[in-house]
Each structure stands twice: as structure tokens, then as C-alpha cells.
Amino acid sequence: MPIDVEAALASELPVLNFVWDEDRVILYQLGLGAGCPPTDPRELSYTYEGNLAVLPSFGTIAASASMLSITSARGVDINWALMLHGEQDLELERPIPRSGEVVSRPHIAHIYDKGRAALMVVEVTSTDRRTGELLFTNRSSLFIRGEGGWGGDPGPKASNQAPAREPDHVVRSPTLPQQALLYRLSGDKNPLHADPAFAALGGFDRPILHGLCTYGIVCKAAVDAVLGGDPGRARRYQARFAGVVFPGETVVTRMWVEEDKVLLEASVEERDATVLSNAALWVS
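Residues numbered from 1 in each chain as written. Predicted model: local features only at pLDDT ≥ 70, side-chain atom pairs only at ≥ 80, totals over all residues. Heavy atoms only, no water.

A word on the overall build of the protein chain. From N to C terminus, the protein chain includes 7 helices and 10 strands. Against the globule reference of 19 Å for 284 residues, the protein chain gives a C-alpha radius of gyration of 18 Å, in line with a compact fold. Projected onto the principal axes, the alpha-carbon positions of the protein chain cover approximately 55 × 45 × 40 Å. Across the 284 residues in the protein chain, those meeting the buried criterion constitute 47%. Residue pairs at least 24 apart in sequence account for 73% of intrachain contacts in the protein chain once pairs closer than 6 positions are excluded. Summing over all exposed atoms, the protein chain offers an accessible surface of approximately 13,100 Å²; the carbon and sulfur share of this is 51%. Separation between the mean location of the 26 positive side-chain charges and that of the 36 negative ones in the protein chain comes to 0 Å. (Helix = DSSP H or I, 4+ residues; strand = E, 2+ residues; numbered from the N terminus. Rg over C-alpha atoms; globule rule 2.2 N^0.38 Å. Buried < 20%, exposed > 50% of the residue type's maximum accessible area, 1.4 Å probe, protein only. Contact = heavy atoms within 4.5 Å. Areas by Shrake-Rupley, 256 points an atom, 1.4 Å probe, with all protein chains shown as cover. Lys, Arg positive; Asp, Glu negative; His and termini not counted. Charge placed at Lys NZ, Arg CZ, Asp CG, Glu CD.)

See below:
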């Protein structure tokens, strides 16, 4: 088995700093499709520094560089081309400020045996560099095909099931044909999202939208529809990636409000295909 579970879990991964300012926040939120219509006060709150609001999903950007460090982990001798981003879980201790600097510390938290695949959970804690206080924690579940079958713990079962009743809110979020080219400026330069020839190697007839872009689009839809545009009320956001979005398609987010959380499910309108499932946004 190429993965040495004990060695991987014991690996020390490099600590990285991440600095951001208002421009970086605005670029990220433009990459999610914010700013349409450009004179709408709520859209301006995401795209103009006058009254800038920071979506909670911006916390994934700080952890992205740290995620790449898993390639240096001991005991992880795998074909990275067979890895898929399965789930993303973000916990926030307080609202993300308009500018700041965090110290991100990654580690491999769990490796589960899914039979025909391994599921590796990479946890990245990000603390305020000035105060040392924890700001947010990312957990990325990476599905590695062909690496399971050693008889290990299969991990927890899927949660956040959407109820059978009609949703309380439905939001349509059109994406631009060049959406992936814009979003990649936030840091994820994987050619799968820009180069048609590279996308073809992955089995796609054209580049696909970043999964974390879809994650952010759905987050914005929920903040707007349920939280009245107040991202400071978000405490945790968890989702499973169930399919791909092609730039230019419309993401339809369905929401069910249940006590302290909003259950979410997203599909693309043009193909009626689910792209985000088992999702929830916890709120205060």
C-alpha cells in the first residue's frame, strides 16, 4: 500500500503565513460573481471598500497554499492525478477582518479506508499573527482513488441530508464564461480550470470551475438569502463536492432553515446535475 498511515499522520508539515488586504478580498468575491448588479448596495458591500463585507468562505483562500504541503508528507507515495477534493469544512471563531495576516499550520488529521480509495483529511488552523488567537480552521477531505482496502476505519457517515420538504429559499447564481479565469487569480492556478488541452486529459471537453469557487458561490447565496447579507453571523460551513460546474452555467442553491443551521444543496440549471450536497451553514 503506497500510503503509510502511521508515517503520514505523524508528518510535520511546513507552517506558512498568509497576508491579505481589501483588494484581495474584493478580487476573491468578484471571482464568485459578486457585483451584479453593480449599483446594488448589497453587491457593493462585497466589491467596494467603502463598506466591505468578507464572506466566510474567504477563509479557504488562506489555507490553499498550506494544502500543497501534503506532497512533502512522509508515507504518502501516491499518484496525485488520482486525487479528488471530496469535502470542505470551515469553522470560524470570529468574522474574518477586511485585512490581516494569519499563520497557517497544516497537519494530516485522519486517513480513512473507503475500500477502493483512501480519504485523507487535512486540517489547517489559521491564527492571527499579531495576537496568536485562532481565527478559523479548514478541513479538506481528499479522496484518493486506488489507495484503500487495508481494512482501516471507514470514517463517519455523510450528514447534513436535505429534507424532503420544499426549500425555504432558492437562489439562482449565473456564472460568467470566464469565471474560472477570474477566480484562479485568488491563488489556485491548476491548469484544469484554464487550459482546454489539460482539461481534456482529465476527461472534460473544456475547463471546469474550481470546486471552492462553487463552494463560495453557494456560501454567498446563503448569506444573502438567509442572513440578510451579514456574513458575521456564519460560524461553520461544510459541504461535499458532488459534481462539476462549467463556466457559464447557472448554480441553483436550495436552502432549508432549521434552528441554528441552514441545510444546502446546489445543482446546475442547464444539466439538472447536483454539484454540492450534504452541505450546511451554521449561524448565530
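On we go.
Here we take up the nonpolar core. Membership of the largest hydrophobic core comes to 50 residues, with the highest contact counts inside it found for Trp20, Phe58, Tyr237, Leu264 and Leu281. Here this core takes 9 residues from helix H7 (residues 211-226), the largest share from any one element. Setting aside chain neighbours within four positions, we find Trp20 in contact with Val25, Phe58, Ile96, Pro97, Arg98, Ser99, Gly100, Glu101, Val102 and Leu135. (Core = buried A, V, L, I, M, F, W, Y, C linked by side-chain atoms within 4.5 Å.)

Its place among the elements puts Ser186 in the loop between helix H5 (179-183) and helix H6 (196-201). On the accessibility criterion, Ser186 (6% relative accessible area) is buried. For Ser186, the residues in contact, after removing those within four places along its chain, are Arg24, Leu27, Tyr28 and Ile61.

Time to look at the pattern of salt bridges. A full pass over the atoms with the stated rule returns 15 salt bridges. Among the ionic pairs, Glu269 bridges to Arg172, the shortest N-O distance being 2.8 Å. Taken together, the residues Glu269 in the loop between strand S9 (261-268) and strand S10 (273-283) and Arg172 in strand S6 (residues 169-174) connect sequence positions 97 residues apart. On the basis of relative accessibility, which here comes to 48%, the residue Arg172 falls in the partly exposed class. Through salt bridges with shared partners, a single network forms among Asp89, Glu91, Glu123, Arg139 and Arg236. (Salt bridge = Lys/Arg side-chain N within 4 Å of Asp/Glu carboxyl O.)

For the rest of this paragraph, the subject is the environment of Cys36. Mapped onto the elements of the fold, Cys36 is located in the loop between helix H2 (22-31) and helix H3 (41-47). Each C-alpha atom, one on Cys36 and one on Pro14, is 39 Å from the other, the two residues being 22 residues apart in sequence.

The subject of this paragraph is the sheet that holds S6. As summarised here, the arrangement of the 10 strands in space is S1-S3-S4-S5-S2-S7-S10-S9-S8-S6, forming an open sheet in which the pairing is antiparallel. Strands with a single pairing partner mark the edges of an open sheet, and in this sheet they are strand S1 (16-20) and S6. Taking the axes of each pair of neighbouring strands and ignoring which way they run, one obtains an average angle of 20 degrees across the sheet. Where strand S4 (residues 117-128) and strand S5 (residues 134-145) come together, 11 bridges link them in antiparallel fashion. Across the sheet, Met120 pairs through a bridge with Leu142, a residue of S5. Here helix H4 (residues 59-67) sits on the sheet in contact with S1, strand S2 (83-92), strand S3 (100-113), S4 and S5, set at roughly 55 degrees to S5. (Pairing = 2+ DSSP bridges. Axes fitted to C-alpha atoms, helices over the stretch in contact; angles between N-to-C directions.)

What follows is about the side chain of Ser140. Summarising the element assignment, Ser140 is placed in strand S5. Among the polar contacts listed, one links the side chain of Ser140 to the side chain of Gln88, at a separation of 2.8 Å. For Ser140, the contacting residues outside a window of four places in its chain are Met67, His85, Glu87, Gln88, Met120, Val121 and Val122. (Polar contact = N/O pair within 3.5 Å; in protein donor to acceptor, adjacent residues only side chain to side chain.)

To continue, consider the packing of aromatic side chains. Tallying each qualifying case throughout the model produces 8 aromatic pairs. Pairing Phe18 with Trp20 gives two aromatic rings, centres 5.8 Å apart and planes at 25 degrees, and the pair type is stacked. Neither residue differs from the other here; Phe18 and Trp20 are each classed as buried. Here the aromatic rings of Phe204 and Phe246 are separated by 6.4 Å at their centres, their planes lie at 70 degrees, and the arrangement is edge-to-face. Of the two residues, Phe204 sits in the loop between H6 and H7 while Phe246 sits in the loop between strand S7 (234-241) and strand S8 (250-258), which places them 42 residues apart along the sequence. Looking at Phe204, the relative accessible area reads 23%, which means it is partly exposed. You can call Phe246 buried: its relative accessible area is 10%. A cation over an aromatic ring shows up here: Arg206 above the ring of Phe246, its NZ or CZ 4.2 Å from the ring centre. The ring centre of Trp282 lies 5.1 Å from the NZ or CZ of Arg236, which sits over that ring. (Phe/Tyr/Trp six-rings, centres within 6.5 Å; stacked < 30°, edge-to-face > 60°. Lys NZ or Arg CZ within 6 Å of the ring centre and 35° of its normal.)

The quantities given are spatial measurements derived from coordinates; they are silent on function.
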